[in-house]
2 protein chains.
Amino acid sequence: MSGAIFTWIDGAAGDVVPVEDRGLQYGDGIFETILVRNGKARFLELHRDRMQRGLTRLGIRFEAHQELTTEITRAVSIAPPLAVLKIIITRGSAVQRGYAPAGNPLARRIVSLWRSAPVVQEREQGVSLQVARLRLAEMSPFAGIKHLNRLENVLAAAEILGSPSTFDCLMLDSVERVISGSSCNVFLVAQGELLTPPVNRNGVAGVMRAIVLREAQRLGCGAREHELTLPDVWRADAMFVTNARIGVVPVRHVREHAFVMNDFVTRLATHIETLDA
Amino acid sequence: MSGAIFTWIDGAAGDVVPVEDRGLQYGDGIFETILVRNGKARFLELHRDRMQRGLTRLGIRFEAHQELTTEITRAVSIAPPLAVLKIIITRGSAVQRGYAPAGNPLARRIVSLWRSAPVVQEREQGVSLQVARLRLAEMSPFAGIKHLNRLENVLAAAEILGSPSTFDCLMLDSVERVISGSSCNVFLVAQGELLTPPVNRNGVAGVMRAIVLREAQRLGCGAREHELTLPDVWRADAMFVTNARIGVVPVRHVREHAFVMNDFVTRLATHIETLDA
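**Quick notes on the sheet that holds strand S2 (residues 12-13) of chain A**
All names here are of chain A.
Move 1: Spatially, S2-S1-S7-S6-S4-S5 is the arrangement adopted by the six strands of the open sheet, whose pairing is antiparallel. At either end of the open sheet lies a strand with only one pairing partner, and these are S2 and strand S5 (40-41).
Move 2: Where strand S4 (residues 29-37) lies against S5, two bridges are found, and the strand directions are antiparallel. Bridged to arginine 37 within S5 is lysine 40.

**Digging into the interface of chain A and chain B**
Move 1: The interface is formed by 63 residues belonging to chain A together with 63 residues belonging to chain B.
Move 2: When chain A packs against chain B, the two sides together hide about 5,000 Å² of surface, and 69% of this comes from carbon and sulfur.
Move 3: Where chain A meets chain B, there are zero salt bridges.
Move 4: Linking chain A to chain B there are 14 residue pairs in polar contact (both at pLDDT 80 or more).

**A short note on the nonpolar core**
Move 1: The biggest cluster of nonpolar side chains holds 97 residues, and the ones touching the most others in it are Leu85, Ile87 and Ile89 of chain A together with Leu85, Ile87 and Ile89 of chain B.
Move 2: With near-sequence residues (within four places) excluded, isoleucine 89 of chain A lies in contact with Gly29, Ile30, Met51, Leu55, Ile60, Phe62, Ala107, Arg108 and Arg109 of chain A.

**Quick word on the environment of serine 180 of chain B**
Residues and elements named next belong to chain B.
Move 1: Structurally, serine 180 can be placed in strand S10 (residues 177-181).
Move 2: By relative accessible area, serine 180 is classed as buried at 6%.
Move 3: Residues serine 180 and isoleucine 72 lie 108 residues apart in sequence; the distance between their C-alpha atoms is 28 Å.
Move 4: With residues near it in sequence (within four places) discarded, serine 180 still touches Cys169, Leu170, Met171, Asn185 and Val186.

**Here we look at the environment of threonine 229 of chain A**
Residue and element names in this part refer to chain A.
Move 1: Note on placement: threonine 229 falls in strand S14 (residues 228-229).
Move 2: As for threonine 229 and leucine 172, which are separated by 57 residues in sequence, their C-alpha atoms are 8.2 Å apart.
Move 3: Ignoring any residue separated from it by four or fewer positions in sequence, one finds threonine 229 in contact with Glu176 and Val178.

**Focus: the confidence of the model for chain A**
When pLDDT is low, close inspection of the predicted coordinates is not appropriate.
Move 1: Averaged over chain A, the pLDDT score is 96; the fraction of residues at 70 or greater is 99%.
Move 2: Interface predicted TM-score (ipTM) for the complex: 0.96; the corresponding pTM is 0.97.

**Here's the deal with the sheet that holds strand S5 (residues 40-41) of chain B**
Whenever strands of a sheet pair, they do so through backbone hydrogen bonds, lying parallel or antiparallel.
All names here are of chain B.
Move 1: Read from one edge to the other, the open sheet built from six strands follows the order S2-S1-S7-S6-S4-S5, with strand pairing classed as antiparallel. Looking along the sheet, the strands with just one partner apiece sit at the ends: strand S2 (12-13) and S5.
Move 2: One ladder, built from nine bridges, connects strand S4 (residues 29-37) with strand S6 (residues 82-90); its direction is antiparallel. Bridge pairing in S6 places valine 36 opposite alanine 83.
Move 3: Against the sheet, helix H3 (residues 65-78) touches strand S1 (4-9), S4, S5, S6 and strand S7 (108-115), its axis set at about 10 degrees to S7.

Reading guide: rules and limits
Residues numbered from 1 in each chain as written. Chains lettered and ligands numbered in written order. Predicted model: local features only at pLDDT ≥ 70, side-chain atom pairs only at ≥ 80, totals over all residues. Heavy atoms only, no water. Pairing = 2+ DSSP bridges. Helix = DSSP H or I, 4+ residues; strand = E, 2+ residues; numbered from the N terminus. Contact = heavy atoms within 4.5 Å. Buried area = accessible area lost by both parts, 1.4 Å probe. Salt bridge = Lys/Arg side-chain N within 4 Å of Asp/Glu carboxyl O. Polar contact = N/O pair within 3.5 Å; in protein donor to acceptor, adjacent residues only side chain to side chain. Core = buried A, V, L, I, M, F, W, Y, C linked by side-chain atoms within 4.5 Å. Buried < 20%, exposed > 50% of the residue type's maximum accessible area, 1.4 Å probe, protein only. pLDDT = per-residue confidence, 0-100. Axes fitted to C-alpha atoms, helices over the stretch in contact; angles between N-to-C directions.

So, in C-alpha cells, the structure goes:
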C-alpha cells in the first residue's frame, strides 16, 4: 500500500499473513488507528483501553501486551513528524475450518506505520459531506467496537469515490437516525451544546469522540449523546467530524445545506490540537 | 489448518496473502463452501450464481471467471470422495489506507480443498441445538450475502464450543425472530408445510436452503419463507437444518425440547442426497 513505512507481523518485519488467519476468513479481530505526532502516539492509553474492550468483547486471547508496547515504542521512535500507526489484532490462525474459534488460538498482531498529511485546509475551511444511500444495520451485537467487519463503511465510502471534494458521507440507519461518517464520528452544535449519536446500536466509539465529549465540558460547553436525524442536522448551528487522525474538523456543507464556521468549534479544535497527549 | 489438502491463491499454490488484502483489513469479500462428492462439485451453478450476486452487491471487480473454473475443475479432479471446496474472493490489495476501495483493485481469489466426513449419524439420528445468547443485527445492507463479515457467526458458534454434543446454535435477532444457525439455515415442518425465515434482514441465502425450497415442492410439499419465533419452534411438528456440506439434517432437540423424527424430512434428505448434482 502506498504510504506504508513498515509493517511488523507478530514482531517480525513482514508483508504477508497466513491464509488461515481468522481476520481474513471471518473479519475476526479488531483494529486501532493512532496518530503519531512529533515522536508521541497521541491518546495511546485511550486507544489501548478501547482495544482491550474489543478484545474482551470478542473473547480474543491476546497475551502479547509487552511485545505490543515494545513495537509501538519502536514505531514511534522512527516515525516521521506526522504518521498513523495502525494496529490490527486478529484471533490468529484457524486450527480447523468453521466459525467456532476451536483450540483457543493465540491472537496475531499486525503493526504498521504510515505517513500522514497535516489536516490544515480541512480544519481552516471546513469540509463537505454527502449522505450515504447505504443504511446501517441496527442493534449490532458489536456496536461501539472497532472490529474488522467493516463492509458497511467500505460500501458507504465507495459511494463518494468519484467525488474528491467530498470528505466523507453520513451513514444513517434503517430508521434514518444519523450515526456517523464512514471513517469519523459526527457532532452537532445545537442550542449551545454538543450532541453526538449514541454508539450502542451501531457505529464506533471513537477515541477522538470521547476526547471531544470530555474537553468540551472542560471548556464549559455541554456535550452529550443524543439520537440525531437529518432534520436535526438541518436545524443545527454548526457541525463537525472527528477521528484520531483529523482531530476536530468543521463541516461546511451536507449536500447543499451550508453551515457557517463556529467560534466554539474552532476553539475546541485548537484546544485539542494543543493538548500534550 | 488441519484437513486442508491444498490452497491456491490467484492460481498459485500458497499459504499466505498480502497483509494489505482488503479481506483481512475490512472483511471486504465473499466466500462459498461447496461439497465435492465423487468427483463432482455439487450444485456448482447455484454457488456461482450466489457468488456473483455477492460480488455485484459489493461492487468487487472480479474478472477471473475462466481461471476460477479451471481451478475448480482441477480441485475436483484431485479431491477425495468427499471434500469441501472453499472459495474466497476478496476485493484484493488495498492501494492506500482507508475504507474506500480506491484504485478499483482487482479481486483476489483463494481456492482451498478440505477433507470432509460423511454426515451419517447426524442424518439418521438428528442433532441437538442450543439458542445463542447473541442477538443478530437487523436490516443488514448485506443480508443474504455470504460475505466475510462473520463476527456474529463466530461469537454464536463460540458459545457452544464446550458442548461437543451440540451441533449448532439458533441465532435470533434483537426482536427474537429465529433467523438461522451459525452455519446452517433452519426449517420447521408445521401444518404440513415447510417454513424457513426470510433472509432479507440478516442471515445467508443458503444454496441448500434454495434447493430444499425447490425440491420440497417437487415432492408435493408446500415450502415458503415465513417469519419464525421460538414459540413457532416449540409448536412445530419437526425441524431440520441445512447447508451445502450437511444437506438436510433433522433436529431432535432445541434446548430441552424434543422433536420426533419426521418421515417427510427423512424422505427429503434422501431425495436431495441422491440428486445427480
